[in-house]
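# Close look at the chain arrangement
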Number of protein chains: 4
Amino acid sequence: MNNQSPPLKEKTRHERRIQRQRRVIMDASAMLFAQKGYRATTIRDIAQAVDMGESTLYGYFTGKQEVLQTILSQQAEMVDSLLVHLAELPDRKSFVDLVDLLMEKILTGAVYNRVVIAEAWIDDEVLRGFVLAHWRPILDTLQDFISARISAGIFRPIDPGLGARMIVAFFIAAVLPVLRGVEPPPSPRQRRRLAESTVELISGGFNARMG
Amino acid sequence: MNNQSPPLKEKTRHERRIQRQRRVIMDASAMLFAQKGYRATTIRDIAQAVDMGESTLYGYFTGKQEVLQTILSQQAEMVDSLLVHLAELPDRKSFVDLVDLLMEKILTGAVYNRVVIAEAWIDDEVLRGFVLAHWRPILDTLQDFISARISAGIFRPIDPGLGARMIVAFFIAAVLPVLRGVEPPPSPRQRRRLAESTVELISGGFNARMG
Amino acid sequence: MNNQSPPLKEKTRHERRIQRQRRVIMDASAMLFAQKGYRATTIRDIAQAVDMGESTLYGYFTGKQEVLQTILSQQAEMVDSLLVHLAELPDRKSFVDLVDLLMEKILTGAVYNRVVIAEAWIDDEVLRGFVLAHWRPILDTLQDFISARISAGIFRPIDPGLGARMIVAFFIAAVLPVLRGVEPPPSPRQRRRLAESTVELISGGFNARMG
Amino acid sequence: MNNQSPPLKEKTRHERRIQRQRRVIMDASAMLFAQKGYRATTIRDIAQAVDMGESTLYGYFTGKQEVLQTILSQQAEMVDSLLVHLAELPDRKSFVDLVDLLMEKILTGAVYNRVVIAEAWIDDEVLRGFVLAHWRPILDTLQDFISARISAGIFRPIDPGLGARMIVAFFIAAVLPVLRGVEPPPSPRQRRRLAESTVELISGGFNARMG
DNA sequence: CATGAATGAGCGTTCATTCAT
DNA sequence: AATGAATGAACGCTCATTCAT
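### Observations regarding the overall build of chain A
- Helix and strand content of chain A: nine helices and zero strands.
- Ordered by position from N to C terminus, the α and β elements of chain A give α-α-α-α-α-α-α-α-α.
- Here the C-alpha radius of gyration of chain A, 21 Å, is well above what a compact globule of 211 residues would show, namely 17 Å.
- Taken along its principal axes, the extent of the C-alpha atoms in chain A is 70 × 50 × 35 Å.
- A total of 211 residues make up chain A; the buried ones form 46% of that total.
- Nonlocal contacts in chain A, meaning residues at least 24 apart in sequence, comprise 67% of its contacts between residues at least 6 apart.
- Placing the 27 positive and 24 negative side-chain charges of chain A at their respective mean positions leaves the two points 4 Å apart.

Below, the structure written as structure tokens:
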């Protein structure tokens with residue numbers, strides 16, 4: 001029999017329990033941080049939301065600050081994970097896939113991103129350490145993508161920097177209302193259609209083609 | 001005796017003084033709210049910034065909350081004032097003027113807008129009462145503007161809602177880094193050029209024209 | 001069957017185990033109480049020091065308070081045990097032996113005594129119940145000892161109370177730095193020499209003898 | 001008239017008020033620290049003792065810690081002030097004056113010294129930074145004093161280090177019960193007599209002079 | 001018997017606001 | 001009108017102790 005690893009399993013079970021609890025706390029905290037802001041959210045609020053004693057939380061996090069830090073770090077990792085996909089995309093798949101993927105990734109865990117943005121909007125350290133630092137490679141990749149298409153004669157010769165920023169702009173415009181919670185998250189179908197429209201408009205612009 | 005108007009004048013002078021002080025307090029507060037967030041900014045911080053006693057502030061505002069409310073209201077009025085200009089623009093002036101004007105208005109008092117955004121991002125009441133309520137007419141106007149151009153055959157038949165959102169998207173992309181303070185405010189020249197590039201890209205898209 | 005005494009033996013073995021554990025816990029606690037103070041020492045500190053779960057400690061003591069009480073009681077018993085030796089000493093052995101013995105007893109388990117002093121210095125109940133109550137007989141014995149020597153013409157006629165206090169004074173001076181941990185505990189040889197010097201000075205004073 | 005310095009006086013008045021309040025708080029705190037220990041004394045205890053709101057205390061001290069620090073520093077200064085007197089004494093005045101002076105200084109503000117001792121007994125930093133550091137010069141002076149008397153043939157040739165420690169020993173023995181509060185502070189007369197007895201015993205020892 | 005998890009009570013501290021001058 | 005002083009309410013956090021396994 002394979003009962004050679006009970007100690008491992010035992011440990012894993014315990015650790016899984018802890019991880020599960022941390023998740024529960026983080027989810028509730030993110031929800032509250034998103035709705036009221038980090039500062040205005042009290043430990044009591046969080047404890048109430050997860051139905052624990054306040055002091056119990058301190059068994060899973062060293063304090064309110066660490067809950068936020070963990071949320072930020074987790075989202076930073078999420079952003080990093082985008083890069084892996086992006087790097088291979090431009091050649092193999094269409095522009096639409098790229099936009100669709102970015103949207104999907106961002107909107108998954110929308111509440112968490114709302115928290116990240118809220119903090120980054122106020123705190124320089126968060127902005128630089130967690131947002132700019134991790135998004136920069138994405139922007140660079142986009143810029144390379146545009147440059148390559150210009151070289152290939154697919155795009156007309158525009159400033160790649162401005163171009164990259166514009167893609168991000170559409171992005172933000174599409175995604176912000178959902179993150180903020182004024183629009184419901186789109187279904188995969190809706191998201192795909194939005195991505196297609198977006199790419200079409202970016203590609204062709206508003207202007208009518210002259211016959 | 002010369003007591004014809006002195007009471008009036010006295011009162012006016014006094015009121016002007018009060019208004020001046022309220023301005024000073026609001027400016028300092030907005031600066032601090034922008035940098036540290038409303039919650040994290042203490043009355044003591046503000047009093048120190050304007051070099052007054054803490055309790056003196058209560059002679060000009062009923063409390064910290066009212067300082068914020070006043071900032072929000074003021075910026076809501078600013079947004080309303082955009083509408084007046086916008087309403088006449090589409091016919092007389094170019095698209096570029098429109099974008100340029102919007103940018104200019106938004107970036108004037110950037111700190112105030114940063115505060116508005118920070119609060120609206122967190123507080124539903126602020127979002128609805130001060131932001132959505134006042135920006136909605138602007139969006140509608142943009143949508144009308146696009147519809148009109150489609151009817152006129154200038155734009156190709158796209159969804160006007162999506163179009164309006166895209167204009168706002170560029171807008172946000174151009175303006176957000178300045179509001180956030182990661183980019184310096186552009187000079188009028190730079191702003192104009194940015195507006196031109198933006199409009200050009202919106203109009204023509206990225207794609208190369210086929211011969 | 002051989003179950004005549006097993007229950008007894010079993011119980012005894014068990015009790016010994018418990019006593020051993022209590023000792024371990026008390027030693028670690030005394031160390032920590034001495035270094036950081038009773039209040040500042042947490043159950044967690046103790047548990048960590050003895051490598052047990054925190055709640056396990058409650059199987060051996062009813063709480064932190066009882067650990068302290070046990071330490072205090074134990075040292076009170078130690079002081080009582082001094083009396084047995086003292087009572088017979090003055091006649092049979094020299095003054096030096098007396099001082100030496102006291103020093104040895106006090107410095108054995110120095111950490112425990114440091115804790116006792118710390119508590120007695122702060123808590124009236126501890127001072128009266130554990131320190132004064134048990135030291136009083138020692139002081140009385142010393143006083144009797146001095147009175148007897150005065151009667152015998154060995155000491156000159158001084159106030160026996162003041163004399164007893166002075167012996168204790170030398171005592172404290174010699175012992176306090178070791179208890180406090182600013183001096184290492186003396187070797188038996190060093191202790192003997194210190195006792196001799198002390199007694200010599202007490203006997204003869206500082207003054208040079210006039211020819 | 002001498003009303004040229006009102007601003008100075010005004011400032012002084014305000015500062016005096018603050019100093020007075022700090023004194024009140026320190027006195028009450030020292031009392032409580034002495035009775036229950038620093039750790040066991042809560043801000044609420046202190047606030048209650050001085051009949052203030054808890055938060056009011058923070059207008060005078062940055063926290064509980066600073067109250068203790070101030071007490072410690074103050075007593076350290078007191079000890080330093082002893083040195084000034086000591087330096088001139090040995091030649092001009094008698095040994096008795098020296099002992100009497102030391103006693104008086106130590107017993108003035110006995111509660112404060114009790115707190116200092118309590119902390120020094122537990123906290124190494126306090127012991128070294130506030131006690132040893134400031135008492136060392138006193139001990140050195142005593143040692144010099146003894147050496148000088150030995151050279152002059154007044155004292156017999158004993159170890160000056162041991163001698164100094166013995167003087168301190170008597171000192172501690174005389175003073176400790178008062179600091180601890182088990183004996184009332186002596187009147188100046190009583191103190192003088194105690195000093196005289198002490199010096200006599202130190203000088204001549206217990207032993208009867210042999211005819 | 002041993003223990004990690006849970007928790008209520010309470011701590012030191014902050015701060016928007018009010019009060020007395 | 002201006003202000004330093006005062007404060008209640010609430011916050012983040014700790015810890016001795018209990019509980020469930």
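### Quick notes on the relation of the copies chain D and chain C
- It takes a turn of 179 degrees to lay chain D on chain C, together with a shift of 0.0 Å along the axis; the resulting RMSD is 0.3 Å. Both chain copies can therefore be described as sitting about a two-fold axis. Proximity to the rotation axis, assessed at the C-alpha, singles out glycine 205 of chain D in chain D; its C-alpha lies 1.9 Å from the axis.
- Of all interface residues in chain D, 100% are interface residues in chain C too; the two copies therefore contact each other through one and the same surface.

### What to know about the protein's contact with DNA strand F
- Taken together, 31 residues are adjacent to DNA strand F, and Ser55 and Thr56 of chain B together with Ser55, Thr56 and Tyr60 of chain D come closest.
- A share of 60% of the atoms of DNA strand F within 4 Å of the protein falls on sugar and phosphate groups.
- Here a phosphate oxygen of DNA strand F and a side-chain polar atom of lysine 64 of chain A are 2.9 Å apart.
- Secondary structure elements with two or more residues in the surface near DNA strand F: helix 2 (43-50) and helix 3 (54-57) of chain A, helix 3 (54-57) of chain B, helix 3 (54-57) of chain C together with helix 1 (6-36) and helix 3 (54-57) of chain D.
- Considering each element in turn, the surface near DNA strand F owes the most residues, four residues, to helix 1 of chain D.

### What to know about the interface of chain D and chain C
- Between chain D and chain C, the residue contacts involve 52 residues of the former and 52 residues of the latter.
- Inspection of the chain D/chain C interface yields six salt bridges.
- Between arginine 180 of chain C and aspartate 124 of chain D there is a salt bridge, and its shortest N-O distance comes to 2.8 Å.
- For the side of chain D that touches chain C, the secondary structure elements donating two or more residues are helix 1, helix 6 (110-122), helix 7 (124-151), helix 8 (160-180) and helix 9 (188-204) of chain D.
- Here the side of chain D that touches chain C takes 14 residues from helix 8 of chain D, the largest share from any one element.

### Quick notes on the side chain of lysine 64 of chain C
Residues and elements named next belong to chain C.
- Among the structural elements, lysine 64 can be located in helix 4 (residues 64-92).
- For the buried lysine 64, no salt bridge exists, and the shortest N-O distance to an oppositely charged side chain is 7.8 Å, to aspartate 45.
- With sequence-adjacent residues up to four places away left out, lysine 64 is seen in contact with Phe33, Tyr38, Arg39, Thr41 and Ile43.

### A word on the packing of aromatic side chains
- Taken as a whole and judged by the stated rule, the model has four aromatic pairs over all chains.
- On the numbers, 5.1 Å between centres and 75 degrees between planes, the contact of phenylalanine 33 of chain B with tyrosine 38 of chain B is edge-to-face.
- Accessibility expressed as a relative area gives 2% for phenylalanine 33 of chain B, which makes it buried.
- Given a relative accessible area of 12%, tyrosine 38 of chain B falls into the buried group.
- The ring centre of tyrosine 38 of chain C lies 4.5 Å from the NZ or CZ of lysine 64 of chain C, which sits over that ring.

### Side note on the relation of the copies chain A and chain B
- Mapping chain A onto chain B calls for a rotation angle of 179 degrees and an axial translation of 0.1 Å; the resulting RMSD is 0.3 Å.
- The overlap is high: 98% of the interface residues of chain A also sit at the interface in chain B, so the same surface is used on both sides.

### Things to note about the confidence of the model for chain A
- Confidence in the prediction for chain A averages 86 pLDDT; 91% of positions are at 70 or higher.
- Ignoring residues within four places in sequence, the model shows residues 1-9 of chain A, a span with pLDDT below 50, making zero contacts including any to other chains.

### With respect to the interface of chain A and chain B
- Facing the 52 residues of chain A at the interface are 51 residues of chain B.
- Of the roughly 4600 Å² buried between chain A and chain B, counting both surfaces, carbon and sulfur atoms make up 64%.
- Contact with chain B buries area across many residues of chain A, yet Trp121, Arg156 and Phe206 of chain A alone supply 22% of it, more than any other trio.
- The tally of links between chain A and chain B comes to six salt bridges.
- In this structure, the connection of chain A to chain B is made through 14 residue pairs in polar contact (both at pLDDT 80 or more).
- Mapped by element, the contributors of at least two residues to the side of chain A that touches chain B are helix 1 (6-36), helix 6 (110-122), helix 7 (124-151), helix 8 (160-180) and helix 9 (188-204) of chain A.
- Broken down by element, the residue count for the side of chain A that touches chain B peaks at 14 residues, all from helix 8 of chain A.

### A closer look at the protein's contact with DNA strand E
- The environment of DNA strand E is made up of 32 residues, and the closest members are Ser55, Thr56 and Tyr60 of chain A together with Ser55 and Thr56 of chain C.
- Within 4 Å of the protein, the contacting atoms of DNA strand E are drawn from sugar and phosphate to the extent of 60%.
- The side chain of glutamine 21 of chain A places a nitrogen or oxygen atom 3.3 Å from a phosphate oxygen of DNA strand E.
- Tyrosine 60 of chain C places a side-chain nitrogen or oxygen 3.0 Å from a phosphate oxygen of DNA strand E.

### Re the environment of aspartate 97 of chain A
Residue and element names in this part refer to chain A.
- Take aspartate 97: it is sitting in helix 5 (residues 95-107).
- Classification of aspartate 97 as partly exposed rests on a relative accessible area of 22%.
- For the pair aspartate 97 and arginine 192, spaced 95 residues apart in sequence, the C-alpha separation works out to 8.3 Å.
- Here the side chain of aspartate 97 touches arginine 192 through a polar contact of 2.9 Å, side chain to side chain.

### With respect to the arrangement of the chains
- Looking at chain B next to chain C, you find no contact at all, with the nearest C-alpha pair sitting 32 Å apart.
- Chain B makes no contact with chain D; the smallest distance between any of their C-alpha atoms is 13 Å.

### A closer look at the nonpolar core
- Phe95, Ile146 and Phe206 of chain A together with Phe95 and Phe206 of chain B are the most contacted members of the largest nonpolar core, which totals 78 residues.
- Not counting chain neighbours up to four residues away, the residues in contact with phenylalanine 95 of chain A comprise Phe145, Phe155, Ile167, Val199 and Ile202 of chain A.
- Core analysis: the next-biggest nonpolar cluster, separate from the first, contains 74 residues, Ile146 and Ile158 of chain C together with Met78 and Val175 of chain D among them.

### A short note on unusual backbone geometry
Residue and element names in this part refer to chain C.
- The phi angle at aspartate 51 is positive, at roughly 55 degrees, despite the residue not being glycine.
- Relative to the assigned elements, aspartate 51 resides in the loop between helix 2 (43-49) and helix 3.
- Residue aspartate 51 is classed as exposed on the basis of its relative accessible area, which comes to 70%.

### What about the side chain of arginine 22 of chain C?
Residues and elements named next belong to chain C.
- By secondary structure assignment, the location of arginine 22 is in helix 1 (residues 6-36).
- For the buried residue arginine 22, which engages in no salt bridge, the nearest side chain bearing the opposite charge is glutamate 66, 4.4 Å off.
- Apart from the residues within four sequence positions on either side, arginine 22 is in contact with Tyr60, Phe61, Glu66 and Thr70.

### Quick word on the pattern of salt bridges
- This structure, assessed with the given rule, holds 44 salt bridges over all chains.
- Lysine 36 of chain C is paired through a salt bridge with aspartate 45 of chain C; the nearest N and O atoms lie 2.8 Å apart.
- Residue lysine 36 of chain C is classed as partly exposed on the basis of its relative accessible area of 34%.
- Here arginine 44 of chain C ties to glutamate 54 of chain C by a salt bridge, and the two come within 3.6 Å at their closest N and O atoms. Of the two residues, arginine 44 of chain C is situated in helix 2 and glutamate 54 of chain C in helix 3; the sequence distance between them amounts to ten residues.
- On the accessibility criterion, arginine 44 of chain C (53% relative accessible area) is exposed.
- Among the charged side chains, a network of salt bridges with common partners joins Asp97, Asp100, Glu104, Arg191, Arg192 and Glu196 of chain A.

Conventions adopted
Residues numbered from 1 in each chain as written. Chains lettered and ligands numbered in written order. Predicted model: local features only at pLDDT ≥ 70, side-chain atom pairs only at ≥ 80, totals over all residues. Heavy atoms only, no water. Helix = DSSP H or I, 4+ residues; strand = E, 2+ residues; numbered from the N terminus. Rg over C-alpha atoms; globule rule 2.2 N^0.38 Å. Buried < 20%, exposed > 50% of the residue type's maximum accessible area, 1.4 Å probe, protein only. Contact = heavy atoms within 4.5 Å. Lys, Arg positive; Asp, Glu negative; His and termini not counted. Charge placed at Lys NZ, Arg CZ, Asp CG, Glu CD. Least-squares fit on C-alpha atoms with pLDDT ≥ 70 in both. Near = heavy atom within 4 Å. Polar contact = N/O pair within 3.5 Å; in protein donor to acceptor, adjacent residues only side chain to side chain. Salt bridge = Lys/Arg side-chain N within 4 Å of Asp/Glu carboxyl O. Phe/Tyr/Trp six-rings, centres within 6.5 Å; stacked < 30°, edge-to-face > 60°. Lys NZ or Arg CZ within 6 Å of the ring centre and 35° of its normal. pLDDT = per-residue confidence, 0-100. Buried area = accessible area lost by both parts, 1.4 Å probe. Core = buried A, V, L, I, M, F, W, Y, C linked by side-chain atoms within 4.5 Å.

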